[in-house]
Amino acid sequence: MRVTDARFLFFQLNIWLCLLSAAMVAVSGLAMGVDPRSIGSGLLLAPLLFYFIYVEDRRGGTAEDEINQPHRTKLVRRYQRGLFATELLALVGYELVVCLLVFQTRTASVSDLLFAQIPLIVLGSYGWLKRYPTLDSIGVGFTWAFVAVFSVVAATHQQYSLDAATVFFGWFLITAAGVESRNIQDISGDTHANKTTLAAYLGPRTASVFVRLLKAGGVAVFWAVSGPLVAGLVVCYLLALSVFRHLTRRHRRGPSSETSQNSAHG
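Note that residues are indexed from 1 along each chain, following the sequence as it is written. Local features are withheld for residues below a pLDDT of 70 in this predicted model, meaning they are given only at 70 or higher, and side-chain atom pairs are given and counted only at 80 or more; totals for whole chains, interfaces and linings count all residues. Only hydrogens and water are set aside; all other atoms, that is, all heavy atoms of the structure, feed into the side-chain values.

### Focus: helix H1 (residues 3-12)
Think of an α-helix as turning once every 3.6 residues; residues three or four places apart then point the same way. Quick note on the threshold: Only protein chains enter the area calculation, which uses a 1.4 Å probe; residues under 20% of their type maximum are buried, those over 50% are exposed, and those in between are partly exposed. A run of H or I in DSSP counts as a helix once it spans at least four residues, and a run of E counts as a strand once it spans at least two, with each numbered from the N terminus. Throughout, the arc means the angular range of directions from the helix axis out to the C-beta atoms.
Those residues of H1 not exposed but buried are Asp5, Phe8, Leu9, Phe11 and Gln12. The buried residues of H1 all sit within an arc of 160° when viewed along its axis, so they share a single face. Downstream of H1 by one or two residues, asparagine 14 has phi in the positive range, about 60°.

### Thoughts on the nonpolar core
Selection criterion: Here the nonpolar core consists of buried residues drawn from Ala, Val, Leu, Ile, Met, Phe, Trp, Tyr and Cys, with membership extended through side-chain atoms lying within 4.5 Å. Any two residues having at least one pair of non-hydrogen atoms within 4.5 Å are treated as being in contact.
Within the largest apolar cluster, 67 residues are counted, with the highest numbers of intra-cluster contacts made by Phe50, Trp144, Trp171, Phe222, Val234 and Tyr237. Sorting elements by how many residues they give to this core places helix H10 (residues 135-155) first, with 12 residues. Non-local contacts of phenylalanine 50, meaning those with residues more than four positions away in its chain, are made with Cys18, Ser21, Thr143, Trp144 and Val147. Judged by nonpolar contacts, the second largest core, of 5 residues, contains Leu173, Ala177, Val211 and Val221.

### Structural notes on the packing of aromatic side chains
The condition that has to hold: Each Phe, Tyr or Trp ring, with Trp reduced to its six-membered ring, pairs with another whose centre is within 6.5 Å; inter-plane angles below 30 degrees give stacked pairs, above 60 give edge-to-face pairs, and intermediate values give tilted ones.
The full count for this structure, using the stated rule, is 10 aromatic pairs. Between phenylalanine 142 and phenylalanine 168, the ring centres sit 5.7 Å apart and the planes meet at 75°, which makes this aromatic pair edge-to-face. On the criterion of sequence distance, the pair formed by phenylalanine 142 in helix H10 and phenylalanine 168 in helix H11 (residues 162-185) is long-range, its members being 26 residues apart. For phenylalanine 142, a relative accessible area of 30% corresponds to the partly exposed category. Between the aromatic rings of tryptophan 171 and tyrosine 237, the centroid separation amounts to 5.4 Å while the plane-to-plane angle is 75°, which identifies the pairing as edge-to-face. Of the two residues, tryptophan 171 is situated in helix H11 and tyrosine 237 in helix H15 (residues 228-250); the sequence distance between them amounts to 66 residues. Residue class for tyrosine 237 comes out buried when judged on its relative accessible area of 7%.

### Overview of the packing of helix H2 (residues 15-31) against H10
Selection criterion: Whenever a helix is involved, its axis is fitted only over the stretch in contact; in every case the axis is a line through C-alpha atoms, and angles between N-to-C directions fall within 0 to 180 degrees. Each angle receives one of four descriptions, namely roughly parallel if under 35 degrees, roughly antiparallel if over 145, roughly perpendicular if within 65 to 115, and oblique otherwise. With the far helix as reference, a near helix turned anticlockwise by less than a right angle produces a left-handed crossing, and one turned clockwise produces a right-handed crossing. Under the convention adopted here, Pro, Cys and the residues Ala, Val, Leu, Ile, Met, Phe, Trp and Tyr are nonpolar, Asp, Glu, Lys and Arg are charged, and Gly plus all remaining residues are polar.
Look at H2 against H10: their axes get within 9 Å of each other, and the N-to-C directions meet at 55°. In terms of axis orientation, H2 runs oblique to H10. The crossing of H2 and H10 is right-handed. For the pair H2 and H10, the contacting residues are Leu17, Ser21, Met24, Val25, Ser28 and Gly29 in the first and Trp144, Ala145, Ala148, Ser151 and Val152 in the second. For the contact of H2 with H10, the per-class residue count stands at 7 nonpolar, 4 polar and no charged.

### Quick look at the side chain of serine 137
Short version of the rule: Any N or O atom pair separated by 3.5 Å or less is treated as a polar contact, with the protein-specific requirement of one donor-capable and one acceptor-capable atom, and with residues adjacent in sequence counted only for side-chain atom pairs.
Structurally, serine 137 can be placed in helix H10. Here glutamate 180 takes part through its side chain, which lies 2.2 Å from a polar atom of the side chain of serine 137.

### Here we look at the pattern of salt bridges
Inclusion rule: Salt bridges, as used here, are contacts in which a Lys or Arg side-chain nitrogen is within 4 Å of a carboxyl oxygen on Asp or Glu.
Summed over the entire model, instances satisfying the criterion amount to 1 salt bridge. Taking the shortest distance from any N to any O, the salt bridge between arginine 37 and aspartate 35 comes out at 2.9 Å. Overall, arginine 37 belongs to the exposed group, its relative accessible area being 72%. Using a relative accessible area of 34% as the deciding quantity, one classes aspartate 35 as partly exposed.

### Description of unusual backbone geometry
You will see that asparagine 14, though not glycine, has its phi angle at about 60°, which is positive. On the secondary structure map, asparagine 14 appears in the loop between H1 and H2. For asparagine 14, a relative accessible area of 6% puts it in the buried group. The backbone of arginine 106 shows a phi angle near 60°, a positive value even though the residue is not glycine.

Below, the structure written as structure tokens:
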């Protein structure tokens, strides 16, 4: 794989988002009164799972992907086998870590083996969820929030509690907002493919305000549960996402488009 292609796919497949999900788990631990260092291998659960989910979703390809991301779709097809191999490794790694937590460290119970499959069930139904406005946001928000809390509980002796439910709700608001934020960029392609999202119904301006309100609500939840320090870490997490989203938008059209644009401006 060429370096330019690898860099493009790193951003456009949201690999950076998968890696940053470990920070999300660490912040969740703090919010639930757990030292992030005690989470150990649980910090790997979210990056491994989300790598599998994102690569599998992009490899599937949809009509709106052809419109919104033509260069990404072309590269995904070119490196189909390699991406498939890496996503399988990520899935196996995820399941192995869960088994390790259940059978070796014994911080998780056998029932957690079943809980660990819930995100995969959501992935299987995501094509159906995307047919209806807000359901895709709800599905993704639920999955990310669930994994953030599940990773802490499975890797430590922490129990599901009111604090855990509140942390879940805070991340749900933030991650659901993130989905709608991306939907704003893809309004034309989604509408053309007859998959009108909530962002398309609201319009870019109103949807942007809605996204900011959801994220602010999520930060407020963390402040109410754990105080300003944890809320500040959540803000730092959101700022990191914002930086990477900016870099992702710069890579949106692909190396060939960037080259032509630079030539035109030169």
